[in-house]
Each structure stands twice: as C-alpha cells, then as structure tokens.
Amino acid sequence: MLNNMFKITGLIAGTIMSLSSAASAQVLSVGTTEGGAVAQLGAAVSNVVSSHSDYQMRPQAMAGTQQYMTGVDMGRIDFGISNSMQYYMGVSGTMLSEGQPHENLRVVATLAPFVQGVIVTNKSGVSNVAELAGMRIPAGYNASPLFEYFWDAFLAGSNMSRDDVSGVPVTSLPNSWQAFREGQVDAVIAAAGSAAVREMNATIDGGIRYIPLEPDAKMMAALPKTRIEVVEPAEGLDGIEVPTGLHVYETVLFAHKDVSEDAVYAVTRALAENEAALKASGPLWSNYSTKQIHTDFELEYHPGALRYYEEAGLSAK
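Student: Got a minute to help me understand the overall build of the protein in this structure?
Tutor: Along the protein, the regular secondary structure elements total 11 helices and 10 strands. Projected onto its principal axes, the C-alpha coordinates of the protein cover approximately 80 × 45 × 35 Å. Taking all contacts inside the protein whose residues are at least 6 apart in sequence as the whole, residues at least 24 apart take part in 71%. For the protein, the accessible surface area stands at approximately 14200 Å², while carbon and sulfur atoms represent 51% of it.

Right under this line is the structure:
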C-alpha cells in the first residue's frame, strides 16, 4: 500500500510539473484573418510551433491583413501572415500602405504558395474574365481592400474596368463568399484548396469552377511580387477540372523586429523541421517545401530567422 501511495504521489508531482511547464511556456501571438486560407495557414503554423518548440503560439484573428499588419508594426502582435504582395506594400509604404511604411516588420519564413483565382458557378456558362461584362462582382472590401486591387488587375487583363461590371458592396472576403453562395454576385475570388471553396462547391447547385487568367502586362504591373501559373487538376482542388491559369504568390510569416531572436529562431526551426506536419494539415500545403522557406524577396529578414538558416545551410532561393 505504501508503494502505491508513492506511485500516486509521483504521478501527481509529475502532472503538476507538466502543467507548470505548459503554463510557463511563453505565448506568442500571430495575426491571421477570421476565415479563409490565411486562417488555415495560421492554424497550421500555430499547431506546429506549439507542438515542436518551447513556445505556445496563438492565432489572433482580425477582419483583414492590413489590421493585424499594423498591429505587428506597433508591437501589439508578435507575428503575422500575409501574401508577399501585401507585405511588400506594407514595408515599402506603397499602394494599400501609401505614405505609411511599416518599418518594424521583418520576414521570418516563406510559407505555402498561395493560389487563387476567379470562381463562377458551373451553371453560369462563363468561361473567361471578358464574359463577366455586365455581371455582378464584389466591391468595396472595407476589411480586405487588397481584393479591390486584385479585381482591377484581373479586369485590366481582359481590357476591362469597373465600368464594365456591376459592383455589389461587401465588407470582407468571407462576406463576398457568402454573397456568392446566396446568388448576390456572379463571381468571386478565392484560394484554391481552401475550405471556403470546398463549401461553395458542395453547397452551390451544379458546383463551381475557376475561369482561366491570362498573364498580361497591365495585369502584372498591378500585381507586384506575384505571377500567373497554370495549375493542374489535383485531389483537394475543387473547381479545377482542366489545367487553368491562376494567380500565384508566396505567403510569408513576419514578425516585429523586437521579438526576441531566440523566439524567432525557435519558430523558424519548428517550421523548417516539420514539413510533414504542415503538409498533413490540409491541401493548402501540398506544394510547400522547406527548400523554399528562405526566399530572396530583397526584403529584410529577422536576425533570429537568419541565424537558423545559416546554421541549417538554407540559403535564399
């Protein structure tokens, strides 16, 4: 009986020590959107960092990237996730961040490539952007203003402008998807492989499909740090039944410059050394590779990230 008491006491002590260790782990915040692909990326990053480092990472969801990017720049949030185009705007003080450069941001890692495009219903009969003339598309995007730039660029690629379509006001990207599901707009922008697209395909009568984007000088001039690539059909990519030109760009994890070097090193290491765990989180990570985690964006990296890349021999690609 005495031995049993010692065993029980030992178990209790071990549990207390385990709980104490978890409670003492430093918590890091990462800004993400409230839904969509960025929220999914943020959840995967947080899970891997929390499971494979001495830090706990918690997503801090906001309506749009501009909001939490500003929060990171001000030091109120530790990390953030953004597409490379919007991050470039932020640090350079251009376009969405015109005259207001976010000087305290530093790149940490390149995450999964972001693949998006224009979606229509199968029943619409629309086969390209030019055929959207006279139709309804989302407009405004108060919480997600980058998508105004995307629509302007995609229309310009077909020698069109906002005057050629009918704008339906939406407040955010998820709000635009809801409007599409409810038949209030005829086309919407969404990320290939995202849960939002799977839901659209499953709930809209007849399903959905992406229409091809053709690279055009005017289009690409409006979309810095991005490209158009042909995406092949694959499991988990709803709406892509034939090779289709889509808009592709990297997503980046960034941090405030004053987040400790050790913390950023640990986060970078967790992501670089657990590629399988990231890929297992969903189809958004299907094209992710640690080989591309250190990308030459010609933008400043956090020293904690650079320390890991130098040790691991991961030179910029």
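Student: Teacher, can you tell me more about the environment of N201 here?
Tutor: Along the chain, N201 turns up in helix 7 (residues 195–203). For N201, a relative accessible area of 25% puts it in the partly exposed group. Here the alpha-carbon distance between N201 and N122, two residues 79 residues apart in the chain, equals 9.6 Å. Contact partners of N201, with chain neighbours within four places excluded, come to G207, I208 and D238.

Student: Got a minute to help me understand the packing of helix 3 (residues 65–73) against helix 4 (residues 84–92) in this structure?
Tutor: How two helices sit against one another is set out by the angle between their axes and by the gap between those axes. For the pair helix 3 and helix 4, the least separation of the axes is 11 Å and the interaxial angle reads 45°. Between helix 3 and helix 4, the angle is such that the two are oblique. Crossing of helix 3 over helix 4 shows right-handed handedness. Of the residues in helix 4, those touching helix 3 at T65, Q66 and M69 are Q86, Y87 and G90.

Student: Looking at this structure, I do not really get the packing of helix 6 (residues 173–181) against helix 7. What am I missing?
Tutor: At a minimum axis distance of 11 Å, the contact between helix 6 and helix 7 shows a crossing angle of 10°. Compared by their axis directions, helix 6 and helix 7 come out roughly parallel. Contacts from W177, F180 and R181 of helix 6 reach helix 7 at A196, E199, M200 and T203.

Student: Explanation requested: the pattern of salt bridges in the structure shown.
Tutor: Side-chain pairs of opposite charge can arise where the charged atoms are in close proximity. According to the stated counting rule, one finds 13 salt bridges in the structure shown. Across the pair R136 and D186 runs a salt bridge, and its minimum N-O distance is 2.9 Å. Placement of the pair is R136 in strand 5 (residues 136–140) and D186 in the loop between helix 6 and strand 7 (188–191), with a sequence separation of 50 residues. By relative accessible area, which is 30% here, R136 ends up partly exposed.

Student: What's the story with the pairing of strand 10 (residues 244–256) in this structure? I'm lost.
Tutor: Along any regular strand, the residues point their side chains to alternate faces of the sheet. With 13 of 13 residues buried, strand 10 is to be regarded as a mostly interior element. Summarising the sheet, strand 3 (residues 79–83) and strand 10 pair through five bridges and their orientation is antiparallel. Within the sheet, the bridge partner assigned to S82 lies in strand 10 and is V252. With nine bridges joining them, strand 4 (residues 105–121) and strand 10 adopt antiparallel strand pairing. Bridge pairing in strand 10 places L105 opposite H256. Sheet topology places strand 9 (residues 227–231) next to strand 10; five bridges connect them, and they run antiparallel. Residue pairing for strand 10: V231 is matched across the bridge by T244.

Student: What's the story with the layout of surface pockets in this structure? I'm lost.
Tutor: There is about 440 Å³ of room inside the largest pocket. In terms of lining residues, the largest pocket is bounded by 29 residues, among which P113, V115, L284, S286 and N287 are the most central. Elements supplying a minimum of two residues to the lining of the largest pocket: helix 2 (36–51), strand 4, strand 9 and strand 10. The residue inventory of the lining of the largest pocket, partitioned by class, reads 17 nonpolar, seven polar and five charged.

Student: Explanation requested: unusual backbone geometry in the structure shown.
Tutor: A negative phi angle is the norm for most residues apart from glycine, just as the trans form is the norm for most peptide bonds. Here M95, not a glycine, exhibits a phi torsion of approximately 50°, which is positive. Within the secondary structure, M95 sits in the loop between helix 4 and strand 4. Of note in the backbone geometry, Y141 takes a positive phi value of approximately 45° without being a glycine. As for its placement among the helices and strands, Y141 is situated in the loop between strand 5 and helix 5 (146–156). Of the residues examined, Y141 reaches a relative accessible area of 0% and is grouped as buried.

Student: I keep staring at empty space enclosed by the protein and nothing clicks. Help me out?
Tutor: Summed over the entire model, instances satisfying the criterion amount to one cavity of 30 Å³ or more. For the largest cavity, the lining is made up of 27 residues, of which T33, V38, T65, F147 and L173 are closest to its centre. At the level of elements, helix 2, helix 3, strand 3, strand 4, helix 5, helix 6 and strand 7 are the ones that each hand at least two residues to the lining of the largest cavity. Class assignment for the residues of the lining of the largest cavity results in 15 nonpolar, 11 polar and one charged.

Student: I tried to follow the confidence of the model for the protein on my own but got confused; where do I start?
Tutor: Low-pLDDT portions of the prediction should not be read for the details of their coordinates. Of all residues in the protein, 92% attain a pLDDT of 70 or more, and the chain-wide mean is 91. Confidence drops under pLDDT 50 across residues 1–23; counting only partners more than four residues distant or on other chains, this segment forms zero contacts.

Thresholds, definitions, all that
- Residues numbered from 1 in each chain as written.
- Predicted model: local features only at pLDDT ≥ 70, side-chain atom pairs only at ≥ 80, totals over all residues.
- Heavy atoms only, no water.
- Helix = DSSP H or I, 4+ residues; strand = E, 2+ residues; numbered from the N terminus.
- Contact = heavy atoms within 4.5 Å.
- Areas by Shrake-Rupley, 256 points an atom, 1.4 Å probe, with all protein chains shown as cover.
- Buried < 20%, exposed > 50% of the residue type's maximum accessible area, 1.4 Å probe, protein only.
- Axes fitted to C-alpha atoms, helices over the stretch in contact; angles between N-to-C directions.
- Parallel < 35°, antiparallel > 145°, perpendicular 65-115°, else oblique.
- Left-handed = near helix turned anticlockwise from the far one by under 90°.
- Salt bridge = Lys/Arg side-chain N within 4 Å of Asp/Glu carboxyl O.
- Pairing = 2+ DSSP bridges.
- 1 Å grid on protein atoms, 1.4 Å probe; cavity = no way out; pocket = protein on both sides within 12 Å on 5 of 7 lines; lining within 4 Å.
- Points joined across faces, edges and corners; volume = space filled by probe spheres on them.
- Nonpolar A, V, L, I, M, F, W, Y, C, P; charged D, E, K, R; others polar.
- pLDDT = per-residue confidence, 0-100.

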